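Residues per chain are reported as follows:
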Amino acid sequence: MSELGELGLSSYEEKVYRALLSLGSATAGEVSEASGVPMGRIYDVLNGLDARDIVRSQSTEPTRYAAVDPERAVDRLLAERRRELDARAERYESIAEGIGPELAATKPAESRFWTAPLGSDAAVSLERDLFATAGDTVRSAMSDPYAAAPWERYEPEVDPFYEVVDAGVDVRMLGHAAMLDGAPSEAVERAADAPANVAVRVTTDLETTFDVVDGNEVTFHVPHPLAAGERLGVIHVRDESMAGRLVEAFDRAWEAATPLSAVIEGEAPAGE
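Engineer: Is there a simple way to think about the overall build of the chain in this case?
Structural biologist: Each helix and strand counted, the chain has twelve helices and eleven strands in total. For 272 residues, the compact-globule formula gives about 19 Å, and the C-alpha radius of gyration of the chain, at 20 Å, lands near that figure. Dimensions of the chain, computed from the C-alpha atoms along their principal axes, are close to 60 × 40 × 35 Å. Across the chain, contacts joining residues at least 24 apart in sequence account for 71% of those joining residues at least 6 apart. For the chain, the accessible surface area stands at approximately 14600 Å², while carbon and sulfur atoms represent 50% of it.

Engineer: How should I be thinking about the pairing of strand β6 (residues 170-176) in this particular structure?
Structural biologist: Where a strand is regular, its side chains alternate between the two sheet faces. Taking burial as the measure, the seven residues of β6 include five buried ones, the bulk of the element. Taken together, the six bridges between strand β5 (residues 137-142) and β6 define a ladder with parallel strand orientation. Among the inter-strand pairings, S140 is bridged to a residue of β6, identified as M173. With six bridges connecting them, β6 and strand β7 (residues 198-203) associate as parallel partners.

Engineer: Could you clarify how one ought to interpret helix α3 (residues 28-35) in this entry?
Structural biologist: Residue pairs three or four apart in sequence face the same way in an α-helix, which turns once every 3.6 residues. All of the buried residues along α3 are A28, V31, S32 and S35. With its buried residues spanning 100° around the axis, α3 presents them on a single face. Count one or two residues on from α3 and you reach G36, which has phi positive near 85°.

Engineer: Looking at this model, I keep getting lost on the environment of D166. Mind explaining?
Structural biologist: Within the element layout of this structure, D166 appears in the loop between α8 (158-164) and β6. We classify D166 as partly exposed; its relative accessible area is 47%. Within the structure, the side chain of D166 is placed 2.8 Å from the backbone nitrogen of G168, a separation counted as a polar contact.

Engineer: What am I meant to see in a negative patch on the surface here?
Structural biologist: Judged by side-chain charge, E152, E155, E186, E189 and D193 come together as a negatively charged surface patch. Take E186: it is sitting in helix α10 (residues 185-192). By relative accessible area, E186 is classed as exposed at 54%.

Engineer: Explain the packing of aromatic side chains to me, please; I cannot follow it from the model alone.
Structural biologist: By convention here, two paired aromatic rings are described through the distance between centres and the angle between planes. This structure, assessed with the given rule, holds four aromatic pairs. Seen in terms of ring centroids, W151 and Y154 are 5.4 Å apart; in terms of plane orientation they differ by 80°. Their pairing is edge-to-face. One end of the pair is W151 and the other is Y154, both in helix α7 (residues 151-154) and three residues apart, which spans about a single turn. Each member of the pair W151 and Y154 is classed as buried. Relative to W254, the ring of F250 has its centre 5.8 Å away and its plane inclined at 20°; by these criteria the two rings are stacked.

Engineer: Quick question: what am I supposed to make of the side chain of R231 here?
Structural biologist: Tracing the sequence through the fold places R231 in strand β10 (residues 231-238). A distance of 3.0 Å separates the side chain of R231 from the side chain of Y146, its partner in a polar contact. In this structure the side chain of R231 is engaged in a polar contact, spanning 3.1 Å, whose partner is the side chain of H221. Discounting chain neighbours no more than four positions away, the residues touching R231 are A116, P117, L118, G119, A123, P145, Y146, E157, H221, V222, P223 and H224.

Engineer: Hey, could you run me through unusual backbone geometry in this one?
Structural biologist: Excluding glycine, most residues fall at negative phi; most peptide bonds, likewise, are trans. Here the amide bond leading from E61 into P62 is cis, since omega sits at 0°, within 30 degrees of zero. Backbone torsion omega between D144 and P145 reads 10°, so that peptide bond is classified as cis. With respect to the helices and strands, P145 occurs in the loop between β5 and α7. Although it is not a glycine, D53 adopts a positive phi angle of roughly 65°. Relative to the helices and strands, D53 resides in the loop between α4 (39-51) and β2 (55-58). According to the relative accessible area criterion, D53 is partly exposed, its value standing at 42%. The phi dihedral of D214 falls on the positive side, at around 55°, and the residue is not glycine.

Engineer: Help me out: how do you make sense of the nonpolar core in this one?
Structural biologist: A general trend in soluble globular proteins is that nonpolar side chains are found buried together. F131, V138, Y154, V171, M173 and L260 are the most contacted members of the largest nonpolar core, which has 31 residues in total. Of all hydrophobic cores here, the second largest spans 21 residues; its members include V16, L20, V55 and L77.

Rules of the game
Throughout this document, residue positions are counted from 1 along each chain, in the order its sequence is written. At least 70 in pLDDT is required for a residue's local features to be given in this predicted model, at least 80 for side-chain atom pairs to be given and counted, and no such filter applies to totals for whole chains, interfaces and linings, which use all residues. The side-chain quantities take in all heavy atoms of the structure and omit both hydrogens and water. Only DSSP runs of H or I covering at least 4 residues are called helices, and only runs of E covering at least 2 are called strands; the numbering of each starts at the N terminus. We compute the radius of gyration over the C-alpha atoms and compare it with the globule rule, which gives 2.2 Å times the number of residues raised to the power 0.38. Only heavy atoms enter the contact rule, under which two residues are in contact if any of them lie within 4.5 Å. To measure how exposed things are, a 1.4 Å probe is used in the Shrake-Rupley method; for residues, cover is taken only from the protein chains shown. Exposed residues in this analysis have more than 50% of their type's maximum accessible area, buried residues have under 20%, and partly exposed residues fall in between, with area computed by a 1.4 Å probe over protein chains only. Between any two strands, pairing holds if DSSP finds at least two bridges. Arc, as used here, means the arc of the directions from the helix axis to the C-beta atoms. Polar contacts here mean pairs of N or O atoms no more than 3.5 Å apart (in protein, one a potential hydrogen donor and the other a potential acceptor; neighbouring residues in sequence count only if both atoms are side-chain atoms). Residues enter a patch when their relative accessible area is above 30% and they make no salt bridge; the linking distance is 9 Å between like charges and 5 Å between nonpolar side chains (Val, Leu, Ile, Met, Phe, Trp, Tyr). Each salt bridge in this description consists of a side-chain nitrogen of Lys or Arg and a carboxyl oxygen of Asp or Glu lying within 4 Å of one another. Under the convention used here, Asp and Glu are negative, Lys and Arg are positive, and both His and the chain ends fall outside the count. Throughout, a charge is located at the NZ atom of Lys, the CZ atom of Arg, the CG atom of Asp or the CD atom of Glu. Pairs were defined over the aromatic rings of Phe, Tyr and Trp, the Trp ring being its six-membered one, requiring ring centres within 6.5 Å. Orientation was assigned from the angle between planes: stacked under 30 degrees, edge-to-face over 60, tilted for the rest. In this text, buried Ala, Val, Leu, Ile, Met, Phe, Trp, Tyr and Cys residues form a nonpolar core when linked through side-chain atoms within 4.5 Å.

No statement about biological role is implied by the geometric values presented.
This is how it looks when you write it as structure tokens:
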């Protein structure tokens, strides 16, 4: 991941910002051509950067865009990161206060933790073992660390998913929209053209990565606390009650999400 990526810019956003630094002032079409960002995504990226004061839009016809001074842009990105970290710290403290008594009262029947960095042999093996056991349903929610990692880091974990899950299993994959920025087009198209039993939707309202298999097995993916876009490990829990609550949360997010095919075709923004 680049330094701008660590400060909060997606790969498309970084390409657009760097292109504008070279162009000075340009239309959306000129930025798309210079940066390599598809026209179908360019306005979303430019408007997002404009809203964050990383790019300035000019009242011209057509609208022209210019990059803000790099030092000012970096300061703004750093301030965003600090606010995000403060908000996460407060959220985790709140969760910790409430979850302790709950876990003490109802301990999982079985739980284990494995160290499993993204793309490692251990991660691939754990994935194969989990999904090979699926008999009815798989619900996979994918956000951090995947959303903050380059495609190459977790690509080894993709093929086993398609290879191991039985054709009779109902599979729903809910991914964070940020994953689309770094994934190659062929990988995105493969997900959109998945077998009939596999459905893929996209959302921007997703912070946690977890899997629920057959309504009783759960895995939680633990982001590395000191390395963005990296996974510390995976917690595996067998607990039907916990799995049921996660399925309910997943289904609510699923209903609000956008089918991947619609995002690719430009019919709807991710998550709407």
